[in-house]
Amino acid sequence: MALFGIAWALLCVGVDPPAPASPRGDLAAYPTAGVAFREPRGWTEQLRNAGKTVARWTNPDSEPEKPAALIMIECARPKVDSLEETAQGLARNFRGAVDDQPTSLDGARALRITATNPSKALRPVEALAAIHDGRLYLVMGGAISGRSVKDEIESIRASWTWTRIESPSEHLAFRDEPLPLGRGTASINVPALMHTYPTDEPDRVLELGLHNFARNEPDFLIYAQVVTLEPGLTFDKFKGQLADGLQAQNIINGPLEWRTLSDTPPRLISNMVESGAASPDGPKQAASIRWVLVKLDERRVASVNFTLPAAAAAAGERDVYMNLMERIAESIRPGADVVEPKEKGTQPTGADRIR
């Protein structure tokens, strides 16, 4: 089993800190997590694979599916309030030790965890842990034997700057490259801050979330798939079956009404309907749902379900996310040349320190 697939459950509700001074110009800002720091020079940033992930990178000469070194930064509410207990738990999980030399992240007390790795399998070898305004921030690095992440993590530590946590609704710039959908049958573009959820059918289904670090819950969810139509089933009949099936299963509380976004290819978007929607992060909760259908060819349809949790709508951000849904719908392209996202690779694990 790969290490660094940190199975922390996130149930954070935090309080935003007062806004500190703006970070220096040479730092990369991650405003939705309330931090800025100097990124590891030359390293390749990877697609986020969990809501708690602030950022992660692989070393420059890594093979996409087998990195020699990886650095990851995460944020969530600590499972325990004791930094010492948190660090000791990480040390046990890393098979390492807590360093007794004092250190800090922009004035916040931090503890360093180190371990050795004599194998050619990627394992955790360095970490920093700090609790700031009720949130646990972890800077972690893994490497194979003969590789080190010490200098890169020290550069992140030395440049670390706390900033005001901002809503993800203020940071909805799309990715530079779209994501493939249905083995390249189509492509879809989404905000760069979105993270993936694991699915049983990764070649067919793409499940994404936009994490709110202040609430420690997703603000916006996407479930996208390519559907192969049964013989004789047309695009128009499919949209009717979808609406009828959702109502019959009590997934939605009203009919779907479709509006055409474009004719080439046929691209439809539904009205918003209310539902008790299942979240990948937990049980069903009140939400608003909307669908997009794009006809890729005579046999295949891109079906995208957007979910807006009630908490995000209550924050006054409904219109922002309604607009985002249409932007994403317009980005879907059939048979487009897409860039496969770099494989997350084998990842080092931390202890179950965050909830």
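Model, not experiment: these values are computed from the prediction. (Residues numbered from 1 in each chain as written. Predicted model: local features only at pLDDT ≥ 70, side-chain atom pairs only at ≥ 80, totals over all residues. Heavy atoms only, no water.)

Engineer: Looking at this structure, I do not really get the overall build of the chain. What am I missing?
Structural biologist: Per the secondary structure count, the chain includes four helices and 22 strands. Expressed as a percentage of the 355 residues in the chain, the buried residues total 53%. For the chain, contacts bridging at least 24 residues in sequence account for 60% of all contacts bridging at least 6. For the chain, the accessible area works out to roughly 16200 Å², and carbon and sulfur atoms hold 48% of it. (Helix = DSSP H or I, 4+ residues; strand = E, 2+ residues; numbered from the N terminus. Buried < 20%, exposed > 50% of the residue type's maximum accessible area, 1.4 Å probe, protein only. Contact = heavy atoms within 4.5 Å. Areas by Shrake-Rupley, 256 points an atom, 1.4 Å probe, with all protein chains shown as cover.)

Engineer: Just checking my understanding: could you explain the pairing of strand S9 (residues 123–132) for this structure?
Structural biologist: Two faces, one strand: in a regular strand the side chains alternate between the faces of the sheet. For S9, the buried fraction is high: eight of the ten residues fall into the buried class. Bridge count for strand S8 (residues 108–114) against S9 is five bridges, and the pairing is antiparallel. Bridge assignment links Ile113 to a residue of S9, and that residue is Ala127. Note: S9 against strand S10 (residues 135–143), nine bridges, orientation antiparallel. Pairing of Ala130 across the sheet is with Tyr137, part of S10. (Pairing = 2+ DSSP bridges.)

Engineer: Explain the pairing of strand S5 (residues 69–76) to me, please; I cannot follow it from the model alone.
Structural biologist: For S5, the tally of buried residues reaches eight of eight residues, placing the bulk of the element in the interior. On S5, burial covers both faces: Ala69, Ile71, Ile73 and Cys75 on one face and Leu70, Met72, Glu74 and Ala76 on the other are all buried. Sheet topology note: the strand S4 (residues 53–58)/S5 ladder contains five bridges and is antiparallel. Within the sheet, the bridge partner assigned to Thr58 lies in S5 and is Leu70. One ladder, built from eight bridges, connects S5 with S10; its direction is antiparallel. Bridge pairing in S10 links Cys75 to Tyr137.

Engineer: What should I look at first to understand the pattern of salt bridges in this one?
Structural biologist: Oppositely charged side chains may form a pair once their charged atoms are brought near each other. According to the stated counting rule, one finds 16 salt bridges in the structure shown. Of the charged contacts in the structure, one is a salt bridge between Arg259 and Glu326, with a shortest N-O distance of 2.4 Å. Separated by 67 residues along the polypeptide, Arg259 in strand S17 (residues 258–263) and Glu326 in helix H4 (residues 310–331) bring together distant segments of the chain. What makes Arg259 partly exposed here is its relative accessible area of 39%. (Salt bridge = Lys/Arg side-chain N within 4 Å of Asp/Glu carboxyl O.)

Engineer: Please clarify how the packing of aromatic side chains should be interpreted in this entry.
Structural biologist: One pair of aromatic rings is described through two measures. These are the centre distance and the angle between the planes. Here the structure, examined in full by the defined rule, presents eight aromatic pairs. On the basis of an interplanar angle of 80° and a centroid distance of 5.6 Å, the ring pair of Trp160 and Trp162 is categorised as edge-to-face. The exposure classification of Trp160 matches that of Trp162, with both residues buried. Relative to Phe306, the ring of Phe220 has its centre 5.8 Å away and its plane inclined at 20°; by these criteria the two rings are stacked. Of this pair, Phe220 sits in strand S16 (residues 217–228) while Phe306 sits in strand S21 (residues 300–309), placing them 86 residues apart in sequence. The same class applies to Phe220 as to Phe306, namely buried. (Phe/Tyr/Trp six-rings, centres within 6.5 Å; stacked < 30°, edge-to-face > 60°.)

Engineer: Help me understand the sheet that holds strand S1 (residues 28–30), please; the structure alone is not making it clear to me.
Structural biologist: Think of a sheet as strands paired side by side through backbone hydrogen bonds, with each pair either parallel or antiparallel. Read across the open sheet, the three strands follow the order S1-S2-S11; overall the sheet is antiparallel. Edge positions in the sheet fall to S1 and strand S11 (161–162), since each has one partner strand and no second. Both strand S2 (residues 35–37) and S11 contribute to a ladder of two bridges, which runs antiparallel. Paired with Val35 across the two strands is Trp162, which belongs to S11.

Engineer: Looking at this structure, I do not really get the sheet that holds strand S22 (residues 333–334). What am I missing?
Structural biologist: Strand order in the open sheet formed by three strands is S12-S13-S22, with antiparallel pairing between adjacent strands. The sheet is open, and its two edges are formed by strand S12 (179–181) and S22, each paired on a single side. Here strand S13 (residues 186–188) runs beside S22; their pairing, made up of two bridges, is antiparallel. Bridging from a neighbouring strand, Ala186 pairs with Pro334 of S22.

Engineer: I'm lost on the nonpolar core in this one. Help?
Structural biologist: Generally speaking, nonpolar side chains in soluble globular proteins are found buried as a group. Counting 32 residues, the largest nonpolar core has Ile188, Phe220 and Ile222 as its most contacted members. At the level of secondary structure, the elements contributing two or more residues to this core comprise S12, S13, strand S15 (205–212), S16, strand S20 (282–295), S21 and H4. Ile188 has contacts with Pro178, Leu179, Leu206, Ala224, Val304, Ile328, Ser331 and Ile332, leaving out every residue within four places of it along the chain. The next biggest cluster of nonpolar side chains, apart from the first, holds 30 residues, and it includes Ala33, Trp43, Val125 and Ile153. (Core = buried A, V, L, I, M, F, W, Y, C linked by side-chain atoms within 4.5 Å.)

Engineer: Please clarify how helix H1 (residues 83–94) should be interpreted in this entry.
Structural biologist: Counting along an α-helix, one turn takes 3.6 residues, and residues three or four places apart therefore face a common direction. Its twelve residues give H1 an end-to-end C-alpha distance of 16 Å, which sits within 8% of 16 Å, the value for a rise of 1.5 Å per residue. Taken as a whole, H1 has its buried residues at Leu83, Thr86, Ala87, Gly89, Leu90, Ala91 and Phe94. Where the residues of H1 are buried, they touch strand S6 (97–98), S8, S9 and S10. Two or three places before Glu84, at the opening of H1, Ser82 has a side-chain oxygen 3.4 Å from that residue's backbone nitrogen. Phi for Arg95, located one or two positions after H1, is positive at around 60°. (Expected span 1.5 Å × (residues − 1). Polar contact = N/O pair within 3.5 Å; in protein donor to acceptor, adjacent residues only side chain to side chain.)

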